[in-house]
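# Geometric and topological summary
Each chain, letter by letter, is given below.
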Amino acid sequence: MSHTSDNALHAIIEATGDLGFRDPLAGVDSRLPEGAAPADLAAYCLMLGDDALVMSHRLQQWCTRAPELEEEVALANIALDLLGQARLLLSRAAQIRNGAGDAGRGTAEGAAAGRWDEDRLAFFRDAAGFRNVRFAEAPHDDFAHAMVRLLVFSAWRLALLDRLSSSRDPVLAAVAAKGVKEVAYHRDHAAGWTVRLGDGTELSHLRAQRAWDAVLPEAAELLHVHEVEGRLAAAGVAADPSTARGELEDVLARVAEAATLRHRPPGRAPDGGTGRYGVHTPELDSLLAELQEVARAHPEATW
Amino acid sequence: MVTGRRSSGQAGRPAAPAGETATGRAREVAASVADPELPMLTLADLGVLRDVREEPGGGVTVTITPTYTGCPAVEAMRDDLRARLLREGFTGVEVRVVLDPPWTSDWISASGRRKLEAAGVAPPGPAPRRAPGPVPLTLGPRPPGRGVRCPRCGSGDTAELSPFGATACKALWRCRACAEPFERFKEI
Ligand SMILES: [Zn+2]
């Protein structure tokens, strides 16, 4: 990938000296792929970024509550990987949105009129503005539930990122190529725990099966194709979630078998009304209340 | 000094020639900056330094790549590189980040591997090579540590405790011969 010296971020960095040090996309080639509507691409980055941000927060809630110290470290690491992906994807969404017809660009009026950045997107949107799948926002009833949900989420996200690593959008492709390596570890970690619990004691098996029965019916949402995803997939920019079904089903069936769990594959994808459309469960409100509390209490704070 | 292997074409362009030039000196300075989380390694040892070049109109551009997407060390690396180069008299220092191609532990230099081992961190083996098709699922415990030597006693009788450690790039292992835990740099 080649890098031009004339992109907008460089201009900002050179003009301000240090603004770039806070932007995770500073110095990264920011050109847009042809054939994709910028509004679609920004919306798509928001979807994938919100998935990562919300799932990361759920995993962070295990800090101080995991069954053993090593697991606490593991979940914090996984949450940090996802947070890193979220930062890049939300920054990309902001970069595209700001660059596409924002009349106030680069001015104080523009900032007041609401230029986006990753913090604004993470901390100052209400639930209806989030585009994550509802699957990511559900609370984890117990550790078995957390592992089964992480398994399904990671297996699905890994399949999407793997496809995205050949995206025609250079930033998405680069974020995905890196994410594949990270999420492969997450998926295998959750798979290992699912087997250990399912094929463990009578009690751990019972709880793993209960988690499996609770989580698997929700997985159908992950295979729904939003019209933005459909358009961008046709343009070679996005991954079509419906093409991930085979890979997801294969992974889940193999883990269920090794874990001695009764399995039923994800059902038909819903026609709409999913998290991708801003239709969320009340659980997202309480998650965001926690995630956004400090930033909203101190809107002028910087970090 | 940045090794030719990394700087030649990994970012899709040939490396600038090193030598008695300002670019050569800038490279030496940038290459000697320590990693903020693994201070026994320089950025060049870790393989995150992709390119150092003097711009025709003055100024130095350093290109780095993050090890992990969420790695909080990247911002510290940018600050450290900038500060060191400015202190050494360079002006117009710009640090760029490239995400592609993604960093791999194979880029850790031979001297970096020796320094890791001396610090009690088992160096990574070769990064896994992907066959075409879906990313293969690893079920159950990862294969026992074939070839992973305990950095304390040198025994090869080792096992993974957890694939996640104190930093994103390390896993927790233990030695069955001397019974000590140790960290291992992950292959990615
Ligand atoms: Zn030992």
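Residues numbered from 1 in each chain as written. Chains lettered and ligands numbered in written order. Predicted model: local features only at pLDDT ≥ 70, side-chain atom pairs only at ≥ 80, totals over all residues. Heavy atoms only, no water.

Going by the annotation in an unreviewed UniProt entry, the name recorded for chain B is Ring-1,2-phenylacetyl-CoA epoxidase subunit PaaD, with Nonomuraea pusilla given as the source organism.

In the annotation of an unreviewed UniProt entry, chain A is listed under the name Ring-1,2-phenylacetyl-CoA epoxidase subunit PaaC and assigned to Nonomuraea pusilla.

### Topic: the overall build of chain A
Check the secondary structure of chain A and you find 12 helices and zero strands. Mapped from its N terminus to its C terminus, chain A presents α and β elements in the order α-α-α-α-α-α-α-α-α-α-α-α. Accessible surface computed for chain A: about 12,200 Å², of which carbon and sulfur atoms make up 54%. (Helix = DSSP H or I, 4+ residues; strand = E, 2+ residues; numbered from the N terminus. Areas by Shrake-Rupley, 256 points an atom, 1.4 Å probe, with all protein chains shown as cover.)

### Considerations on the pattern of salt bridges
Taken as a whole and assessed by the stated rule, the structure comprises 26 salt bridges over all chains. Among the salt bridges present, the one from R87(A) reaches E75(B), with a minimum N-O distance of 3.5 Å. Remark: E75(B) occurs in helix 4 (residues 73-87) and R87(A) occurs in helix 3 (residues 69-99); the pair is interchain, linking two chains. For R87(A), a relative accessible area of 30% corresponds to the partly exposed category. In this structure, D250(A) engages R254(A) in a salt bridge whose closest nitrogen and oxygen atoms are separated by 3.6 Å. (Salt bridge = Lys/Arg side-chain N within 4 Å of Asp/Glu carboxyl O. Buried < 20%, exposed > 50% of the residue type's maximum accessible area, 1.4 Å probe, protein only.)

### Overview of the environment of E68(A)
Looking at where E68(A) falls in the secondary structure, it is placed in the loop between helix 2 (38-60) and helix 3. Apart from the residues within four sequence positions on either side, E68(A) is in contact with W193(A) and R196(A). (Contact = heavy atoms within 4.5 Å.)

### Looking at the UniProt feature "domain: MIP18 family-like" (unreviewed entry) in chain B
Taken from the UniProt record, the annotation "domain: MIP18 family-like" (unreviewed entry) applies to residues 32-95 of chain B. Helix makes up 30% of residues 32-95 of chain B and strand 22%, whereas the separation of the span's terminal C-alpha atoms amounts to 15 Å. (UniProt positions renumbered as here; feature names shortened; annotations may be inferred.)

### A look at the coordination of the zinc ion
Residue and element names in this part refer to chain B. Around the zinc ion, the protein contributes the donor atoms C150 (SG), C153 (SG), C175 (SG) and C178 (SG), at 2.3 to 2.4 Å from the metal centre. Each of the four donor atoms around the zinc ion contributes to a set of angles spanning 103 to 116°, which defines the coordination as tetrahedral. Look at where the donors of the zinc ion fall in the sequence and you get C-x2-C-x21-C-x2-C. (Donors = N, O, S within 2.8 Å, 3.2 Å for Na, K, Ca; no water. Tetrahedral: all angles 85-135°; square planar, octahedral: opposite > 155°, others 65-115°.)

### Observations regarding the sheet that holds strand 4 (residues 121-122) of chain B
All names here are of chain B. Taken together, four strands build an open sheet; the order of strands is 4-7-6-5 and the sheet is mixed. The two strands at the open ends of the sheet, each matched to only one other strand, are strand 4 and strand 5 (158-162). Summarising the sheet, strand 5 and strand 6 (residues 170-175) pair through four bridges and their orientation is antiparallel. Looking across to strand 6, one finds that E160 is bridged to W173. (Pairing = 2+ DSSP bridges.)

### What to know about the interface of chain B and chain A
Across the contact, 40 residues belong to chain B and 47 residues belong to chain A. Between chain B and chain A, roughly 3,800 Å² of surface is buried when both sides are summed, and carbon and sulfur atoms account for 59% of that area. Area buried by chain B at its contact with chain A is led by T69(B), L137(B) and F164(B), which between them contribute 20% of it. Between chain B and chain A we count two salt bridges in total. (Buried area = accessible area lost by both parts, 1.4 Å probe.)

### Quick notes on unusual backbone geometry
Residue P101(B) is reached from D100(B) by a cis peptide bond, and omega for that bond is -5°. Along the chain, P101(B) falls in the loop between strand 3 (93-97) and helix 5 (110-118). Positive phi, normally seen in glycine, also occurs at T64(A), with a value near 75°. You can see T64(A) is positioned in the loop between helix 2 and helix 3. Taking the relative accessible area as the measure of exposure, T64(A) reaches 69% and is therefore exposed. A positive phi is found at T260(A), a non-glycine position, where the angle reads about 55°.

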